Amino acid sequence: MSERGDNSPGPTAADVDPLGDPFLRTCFAVPVPPATFLRRRRLVEHLDQAPATPLTMVNGCAGAGKTLLVADWAAHLDRPVAWLTAGATDQAPGVFWAYLLEALRACGAHEIRDVGCPAEAGTVDHGLLARLAARLNARDRPVTVVLDEYDRVSAPEIADQLGFVLHHAGRGMRLVLVTRTEPTLPLHRYRADGTLTEIRDAELAFTPEEAATLLELHGLRLGDDAARALVERTRGWAAGLRLCALAARQSSDPETYLKEFEAGQSTIADFLLAEVLKRQPAPTQDLLLRVSVLDRFCPDLANALAGRRDAEPILAELHRANAFVEHLGHSWYRLHPLFAEILAAHLRVRFPSLETELHRRAAQWLRHTGPLPETLAHGAAAGDWPFTARTLVDDLAIGQFFTGLRSGDLGELFSRMPPETTGPEADLVRAARELSDGDPGHALPHLERARRELARAGSGGAAARLGLALLDTLAARMTGCPDRAERAARTAGELLRDLPAELPRKHPELAALLQTHLGAARLWAGRFEDAGTALRAAAAGSDGATALSREDSLSLLALIDCLTGWPTRAERRVLAALADAERFSLAEPAGSGLGHLVLAAVALDRDELGEARALLDRATAARLSPWDPVTAAALVIVRARLQLARNEARAALETAESAVPAAVASPWAEAHIALVVSAAHLAEGRPEPAVKVLRDAVGQDAACTVAAARAHLAAGDPGAALDLLDALPAGQRVGPAVTVRALLVRAEATGRQGDHATARRLVTRALLDARNERLRRPFQETGPWLRRLLDTDTFPRLPARPGPRSGNEPEPGHPPALVVDRLSDRELDVLQRLAQMMTTEEIAADLFVSVNTVKTHLKSVYRKLGVNRRNEAVHRARELRLL
């Protein structure tokens, strides 16, 4: 038995531990927070709210602010706190318990004075622990015991003994463990019983608001964005923030320092290297230095970089020990960003040439099992550009230059590729960059060089040849060369059949891009049916990778609808395309702006000139890739039509003369420009040139034939006008925007020939056909004869013009709408309740009218809005701002 202590009840030993050494009183002192300490109420309240749990664990990395948090909380408690910093208590159970008993006595727990004291450093008598637990259990008020740096206590028997005392002390003791690692106590049982309170790294991390307040305590004021950026870089790590603040105070420009400080050359580096890195064994230090070049890593990748096989248990232990290694799930890890920066800087100092080699190894490993973006990033970081370009092309990912999701990242990454990098894949990448920037002129030489190199290589290289075919198709689209697009698309189709099926499936954007570009080239050639087949195939996708192609193809399909006289169908396609692009968070504007051009054309047909002007401006401002002859011609046509509608015939003629560069001419583009020129001549009172300019297009295009008939009418020859209209093919699938104009021209011609009854019948039919499409512009284009006719009889009415809106107000000098039918107050009442999803019966009850009356109002609302269903009526009313 030791002469300094005893395991039996009795007085305590006098200020010495079982080894005979005096107690180190600093171990019992509650740390005093510095003047710049920030008391965070949310954490204090979490500690306060857990008195019912006998065990509290504050578990975080070095410098997370654990000790100061608990010390500040303990200093404000109204009950005794026994504080023990476990670092100096060694791993001997006798020494540990001697210190803990002394901490209890020091805080005033006098009832344990005679429980005894361990006699030997290596053991402690079970009876002593039982007496201690019993005395604590008998207390009226619990004593709080804080064990700081508990991670330094690794002896398993101490954990068992602590668990025994904690269990049997009952409500007489609350134990708070402050630790960097998970203690060996049976925590699962405490969690299951609901008797454990935990505060971990995520909760200890400073929020941006807390970080800004902390910096203010250091005399620094930081804006919200700067505070958020600092927290993101430090992940809210308390020590990092404090060290940053201290260093920034020494800088002449603290805010700039906090934005740009070099972590590897800071006091943070000293802290982390001493507290984290150098505490690890040499092999672990080497592993940490090597993985510092990675954003994330798994054990196999870490092994590949370090040339070892034991990374898995090492990484697991580093994570468990809160050594700034975060577990991302599924065996993937990452370093704390500041720790990674510091290690990377340390790596460059210790092994100057190793970083490039590590990136190369990472790229090689990821090429087979990892995600493509990380493979490319490491290939580029290693400066291995042939490998990086080949990886992109062989993966069939070259289409990602045009998907809108990663195109910016790829462009930026390959902008660093030096000009001396050779090979077909490098040329394809350069061509893709040029095409994505809308510059086919600079892309074509790269494509030709890649083509020659692939030809010299002979067979093989299917992925590169497919990439070449894709870029060829796009280049053909952008230069207006439909035949070349057909050949390239045909080649691509053959190559796709020869490749393993799983490879194209990884990149659905490739097939979607091919079909879209082919469809656009066919559209330019005027082959609407064939174009529609390709574009509908491109629009059939549903994922984010094909979203931009889907928007592009739907806009092209909408343009076909618009050109063939179906404005509402065109509008629906564009709105669906824009909604789809928004669903996948594509930047707006994402495409070429063609969709907005189509909407502007629709607005023109509806005589909504303010809306058309705004949409035209948006489309003009977009001018993103692919900017092709189709879009360029649509822009010229819509702009000239708007100028005509604004009575600016001379400006419309000048616009129509704008050149649209293309390898071959487009029949529909020429025809619709001729339409504008003819209408401008008519507006300036020159019917003969108006007839002449359409002479070649008559019979080729229904809209041109109708316009030519109108020109003949203006020239005073209604017979010629009727002859042209009679020659229109009966089976031609043209929409109301064409047929309504044809009806009006025919009505005027028959009226001039004296058949007024037929004229009224034709006008009535035109109004009915125009109603669902909300067409007004065809009526504005007619002469005053129509207004006189409408004023003499009752005709069907068009839906109301969109409600009061500055952008849709008639242009100065512009005549008001010919036919406007507004909703009555009662109809608006019904419509408002319809929008609230009320049934017919509910509306009737709410308005104190019969169900039949509501039905009558509904029919009238449907008729005036040109719809057939409830949801369409609500949707349309919102468009018109009636709701």
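This text follows the structure it describes.
Residues numbered from 1 in each chain as written. Predicted model: local features only at pLDDT ≥ 70, side-chain atom pairs only at ≥ 80, totals over all residues. Heavy atoms only, no water.

A. Examining the overall build of the protein more closely. The helix and strand tally for the protein stands at 45 helices and seven strands. A globule of 883 residues ought to have a C-alpha radius of gyration of about 29 Å, yet the protein, at 40 Å, is considerably larger. Projected onto its principal axes, the C-alpha coordinates of the protein cover approximately 135 × 85 × 55 Å. Burial statistics for the protein: of 883 residues in total, 55% are counted as buried. Carbon and sulfur atoms make up 51% of the accessible area of the protein, which totals about 38,500 Å². Averaging the positions of the 106 positive and the 114 negative side-chain charges in the protein gives two centres separated by 5 Å. (Helix = DSSP H or I, 4+ residues; strand = E, 2+ residues; numbered from the N terminus. Rg over C-alpha atoms; globule rule 2.2 N^0.38 Å. Buried < 20%, exposed > 50% of the residue type's maximum accessible area, 1.4 Å probe, protein only. Areas by Shrake-Rupley, 256 points an atom, 1.4 Å probe, with all protein chains shown as cover. Lys, Arg positive; Asp, Glu negative; His and termini not counted. Charge placed at Lys NZ, Arg CZ, Asp CG, Glu CD.)

B. Summary view of the nonpolar core. Ile-268, Leu-301 and Leu-335 are the most contacted members of the largest nonpolar core, which has 80 residues in total. In terms of residue count, the dominant contributor to this core is helix α10 (residues 238-249) (seven residues). The next biggest cluster of nonpolar side chains, apart from the first, holds 54 residues, and it includes Val-602, Leu-616, Leu-642 and Ala-645. (Core = buried A, V, L, I, M, F, W, Y, C linked by side-chain atoms within 4.5 Å.)

C. Quick look at the side chain of Glu-827. In this fold, Glu-827 is placed in helix α42 (residues 825-835). The exposure class of Glu-827 is buried, given its relative accessible area of 5%. Within polar-contact distance, the side chain of Glu-827 engages the side chain of Ser-860 at 2.4 Å. (Polar contact = N/O pair within 3.5 Å; in protein donor to acceptor, adjacent residues only side chain to side chain.)

D. Looking closely at the packing of helix α36 (residues 702-714) against helix α37 (residues 718-726). Packing of α36 against α37 leaves a shortest axis separation of 7 Å and a crossing angle of 170°. As summarised for this structure, α36 and α37 are arranged roughly antiparallel, according to the angle between their axes. Together, Thr-705, Val-706, Ala-708, Ala-709, His-712 and Leu-713 of α36 and Pro-718, Ala-720, Ala-721, Leu-724 and Leu-725 of α37 make up the contact between the two elements. Considering only residue class, the contact of α36 with α37 consists of nine nonpolar, two polar and no charged. (Axes fitted to C-alpha atoms, helices over the stretch in contact; angles between N-to-C directions. Parallel < 35°, antiparallel > 145°, perpendicular 65-115°, else oblique. Contact = heavy atoms within 4.5 Å. Nonpolar A, V, L, I, M, F, W, Y, C, P; charged D, E, K, R; others polar.)

E. Layout of unusual backbone geometry. At Ser-331, a residue that is not glycine, the phi angle is positive and equals roughly 65°. Within the secondary structure layout, Ser-331 lies in the loop between β6 (325-329) and β7 (332-335). Accessibility expressed as a relative area gives 38% for Ser-331, which makes it partly exposed. Of note in the backbone geometry, Asn-647 takes a positive phi value of approximately 60° without being a glycine.

F. Highlighting the packing of helix α39 (residues 756-773) against helix α41 (residues 784-791). Running from N to C, α39 and α41 cross one another at 95°; their axes reach a closest spacing of 11 Å. Taken together, α39 and α41 sit at an angle that is classed as roughly perpendicular. For the pair α39 and α41, the contacting residues are Arg-760, Val-763 and Leu-767 in the first and Trp-785, Leu-786, Leu-789 and Leu-790 in the second. Here the contact of α39 with α41 is built from residues that sort into six nonpolar, no polar and one charged.

G. Layout of the pairing of strand β1 (residues 55-59). Counting buried residues along β1, five of its five residues qualify, which places the element largely inside the surrounding structure. Neither face of β1 is left uncovered, since the one carrying Leu-55, Met-57 and Asn-59 and the one carrying Thr-56 and Val-58 both have all their residues buried. Direction of pairing for β1 relative to strand β4 (residues 173-179): parallel, over a ladder of five bridges. Residue pairing across strands places Met-57 opposite Leu-177, the latter belonging to β4. (Pairing = 2+ DSSP bridges.)

H. Layout of the packing of aromatic side chains. Applying the stated criterion across every chain, the model contains 12 aromatic pairs. When the centroid spacing of 6.1 Å and the interplanar angle of 85° are considered together, the rings of Trp-524 and Trp-668 count as edge-to-face. A residue pair is termed long-range when its members are at least 10 positions apart, and Trp-524 in helix α26 (residues 508-524) and Trp-668 in helix α34 (residues 667-683) qualify at 144 residues. A relative accessible area of 5% means that Trp-524 is categorised as buried. With relative accessibility at 5%, the residue Trp-668 sits in the buried group. (Phe/Tyr/Trp six-rings, centres within 6.5 Å; stacked < 30°, edge-to-face > 60°.)

I. Quick peek at the pairing of β6. Pairing geometry for β6 and β7, over four bridges, is antiparallel. Looking across to β7, one finds that Glu-326 is bridged to Arg-334. Where β6 folds back on β7, the antiparallel hairpin that results is connected by two residues, among which His-330 adopts a positive phi of roughly 55°.

J. Local environment of the environment of Val-740. Structurally, Val-740 is set in helix α38 (residues 736-752). Each C-alpha atom, one on Val-740 and one on Arg-228, is 60 Å from the other, the two residues being 512 residues apart in sequence. For Val-740, the contacting residues outside a window of four places in its chain are Ala-766, Asp-769, Ala-770, Leu-775, Pro-778 and Phe-779.

K. Inspection of the sheet that holds strand β2 (residues 81-85) at higher detail. The parallel open sheet is built from five strands, whose spatial order is β2-β3-β4-β1-β5. Two strands in the sheet have a free side with no partner beyond their single neighbour: β2 and β5 (196-200). If you compare each strand with its neighbour and ignore which way they point, the axes differ by 15° on average. As defined by bridge partners, β1 adjoins β5 across five bridges and the pair is classed as parallel. Bridging from a neighbouring strand, Met-57 pairs with Glu-198 of β5. Of the strands in this sheet, β1, β2, β3 (143-148) and β4 touch helix α2 (residues 66-75), which is tilted by about 155° from β4.

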